[in-house]
Structures are given as C-alpha cells and as structure tokens.
Amino acid sequence: PMALSQPRARVPAQQLGELLTQLAHQFPESNLGFELADHHHVTDPHMLGITAVASATGIDALRRIIRYQALVSTHESLRLVESESTVTLLKSVVQNEAAEHIIQVFLFTVVLNAIRNITGFKGDIAGVRFTGRAQGKESLYRAHFGPRAAFSQSEAELILPRPVLEPPITTANVDILTANEPMLASLVRSVREKSLA
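Calculation notes
- Residues numbered from 1 in each chain as written.
- Predicted model: local features only at pLDDT ≥ 70, side-chain atom pairs only at ≥ 80, totals over all residues.
- Heavy atoms only, no water.
- Pairing = 2+ DSSP bridges.
- Helix = DSSP H or I, 4+ residues; strand = E, 2+ residues; numbered from the N terminus.
- Buried < 20%, exposed > 50% of the residue type's maximum accessible area, 1.4 Å probe, protein only.

What to know about the sheet that holds strand β1 (residues 78-82)
- The mixed open sheet is built from five strands, whose spatial order is β1-β2-β5-β3-β4. Unpaired on one side and paired on the other, β1 and β4 (149-150) mark the two borders of the sheet.
- Relative to β4, strand β3 (residues 127-129) runs parallel, the two being bridged by two bridges. Counterpart to arginine 129 in the pairing with β4 is alanine 150.

Structural notes on the pairing of strand β2 (residues 86-91)
- Burial within β2 is extensive, with six of its six residues counted as buried.
- Burial along β2 is two-sided: Thr86, Thr88 and Leu90 and Val87, Leu89 and Lys91, pointing in opposite directions, are all buried.
- Bridge analysis of β1 against β2 gives five bridges, and the strand direction is antiparallel. Its bridge partner lying in β2, arginine 79 is registered against leucine 90.
- In this antiparallel pair of consecutive strands, β1 and β2, the connection spans three residues.
- The pairing of β2 with strand β5 (residues 156-161) spans six bridges and is classified as antiparallel. Opposite leucine 90, over in β5, you have glutamate 157 as the bridge partner.

Listed below in structure tokens is the structure:
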C-alpha cells in the first residue's frame, strides 16, 4: 500500500499481477481495464507522456513510447510493427490471464484515447485483439474500439490505420523534445542498469 501512494514508486510485476487478479475476482461484473483507463491522464507517466504528445506525428509518439517503455515496465513487452497501411502495437503476455487482460484493455484504451486526442481521429481502427476472453459484455469493447474486436487470440494487438498517424499533430513541440529526450534516454539507461535512485 505504501508503494501505491508514491507517484514514482516501482511495484514488482508479480505483485501487480496479484493485485489485479484479486481485483478481478472481487469485482467480477466490472471491466477494470476500461475503468482504470478512465482515471488515466496522458501526463501520468510524467516526462514520457509529455514527450510523446510533443512528437511531430502520431507515429513518432508511438515510437517514443516503445523506445522509452522501460520507464513504465522493465518487461519492455511492447513492439511496433509498421506496414504501408497500418501501424500495429503488439503486447507480449507477462501476467496470468485475468491480470494480463486488464493490462491489455487498459493499455490499448489509453493509447487509442491519446491518439484520438492528438490527431483528432474519430473513425474506426483497423482492429484490436486480446489474448484472453472478454470480461463482461463484448458490446463495451465495441463501443470503445469499434466493430473489429477479437478475443482469445494468439497475440494482443492494437491495429491503427497508418494515414491517421502520419499528419503533423497540434501538440508537437520541438523545444520539449530537445530538452526531454536526453533525460529520457538517461533514465532508461539507469533503469536497465538498476542504478535509478
């Protein structure tokens, strides 16, 4: 409990998984991934979130999230796959089914909300895939992600149309990027070397 009250505390992944699993059993009618995402703001990951939205384009923002993801989780479970028509954010499975599903729903909701906010995109995405079963009504997933939501898949993926991510975004700020990128790189290095104070 003390760690949860400290904004910059790091909680071991095993404990996070146990907490999410307990919450899933305690609130079986809730979709905790969506509910947690409702309380998330783009600046919650501090410098990483601010730097991502200061990127020139939506694709650049996603690339920065991938590059500096160790600041959020040392599992570094995210990958980005780019094609001519889509950009896919993939998440590897690192938790048990209940906890992993909450994390996948939370992560994809937060990323899609941020992309919609910085690009103005309101249409349907190319697709979303979860490794687990739906928690609660599937209609809730369709309301958030559109008609192309799939469950019990081999990989967790958020698939975005590339043309939405290529135009310049209004939150772009080269001064923020110039100031923050060296600090982000230094923090990631410290996390990987386990020397972060």
